[in-house]
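These are the residues of each chain, in order.
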Amino acid sequence: MLHIQKKPIYLLGESFGGCLLLAVAACNPTIDLVVILVNPATSFERSQLQPLLPILESLPDGLHFTVPYLLSFIMDL
């Protein structure tokens, strides 16, 4: 019989990636995640991205994975 050892998934998020990482962790409570935040941009209420929140909230669940790509295009990263 095959024995599968469950190991945690390590995720690292820096700046706004830290905020995205927190959202991923919150949406996946059954996955064993180790979250490492480096200089997280957690003061979202003062962020230039605040006006985008209604648009982001209206996205269907299946499109949330596209948010980092959309933001990198918008912010010219």
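In this text the structure is predicted, and so the values were computed from the model without any measurement. (Residues numbered from 1 in each chain as written. Predicted model: local features only at pLDDT ≥ 70, side-chain atom pairs only at ≥ 80, totals over all residues. Heavy atoms only, no water.)

Caption draft 1: Spatial organisation of the overall build of the chain. Within the chain one finds three helices and two strands. For the chain, the N- to C-terminal ordering of α and β elements is β-α-β-α-α. Scored against the burial criterion, the 77 residues of the chain give a buried share of 12%. (Helix = DSSP H or I, 4+ residues; strand = E, 2+ residues; numbered from the N terminus. Buried < 20%, exposed > 50% of the residue type's maximum accessible area, 1.4 Å probe, protein only.)

Caption draft 2: Helix α1 (residues 16–27), seen in detail. Over its 12 residues, α1 extends 17 Å from the first C-alpha to the last, a length consistent with the 16 Å expected when each residue adds 1.5 Å. Looking at α1, one finds that the buried residues are Gly 18, Cys 19 and Leu 21. The arc that holds every buried residue of α1, seen down its axis, measures 160 degrees, which confines them to one face. Those residues of α1 hidden inside the fold are in contact with β1 (9–14) and β2 (33–38). (Expected span 1.5 Å × (residues − 1). Arc of directions from axis to C-beta. Contact = heavy atoms within 4.5 Å.)

Caption draft 3: Here's a closer look at the pairing of β2. Pairing of β1 with β2, which is carried by six bridges, proceeds in the parallel orientation. When the bridges of β2 are listed, Tyr 10 appears paired with Val 34. Handedness of the crossover joining β1 and β2 through α1 is recorded here as right-handed. (Pairing = 2+ DSSP bridges. Right-handed = clockwise from strand over helix to strand, strands pointing away.)

Caption draft 4: Expanded view of unusual backbone geometry. You will see that Ser 15, though not glycine, has its phi angle at about 60 degrees, which is positive. Looking at where Ser 15 falls in the secondary structure, it is placed in the loop between β1 and α1.

Caption draft 5: Examining a nonpolar patch on the surface more closely. A contiguous nonpolar patch, built from Tyr 10, Leu 12, Ile 36 and Val 38 and spanning about 420 Å² of accessible area, is present on the exposed surface. For the nonpolar patch, the secondary structure elements donating two or more residues are β1 and β2. Along the chain, Leu 12 turns up in strand β1. (Patch = residues over 30% accessible without salt bridge, like charges linked within 9 Å, V, L, I, M, F, W, Y side chains within 5 Å. Areas by Shrake-Rupley, 256 points an atom, 1.4 Å probe, with all protein chains shown as cover. Salt bridge = Lys/Arg side-chain N within 4 Å of Asp/Glu carboxyl O.)

Caption draft 6: Looking closely at the environment of Ile 31. When you line up the elements, Ile 31 lands in the loop between α1 and β2. For Ile 31, a relative accessible area of 40% corresponds to the partly exposed category. Along the sequence, Ile 31 and Ile 9 sit 22 residues apart, while their C-alpha atoms lie 8.0 Å from each other.

Caption draft 7: Just the environment of Asn 39, in detail. Assignment of secondary structure puts Asn 39 in the loop between β2 and α2 (53–58). For the pair formed by Asn 39 and Gly 18, sequence separation is 21 residues and the distance between their alpha carbons is 7.6 Å. Excluding its chain neighbours within four sequence positions, the residues that come into contact with Asn 39 are Glu 14 and Ser 15.

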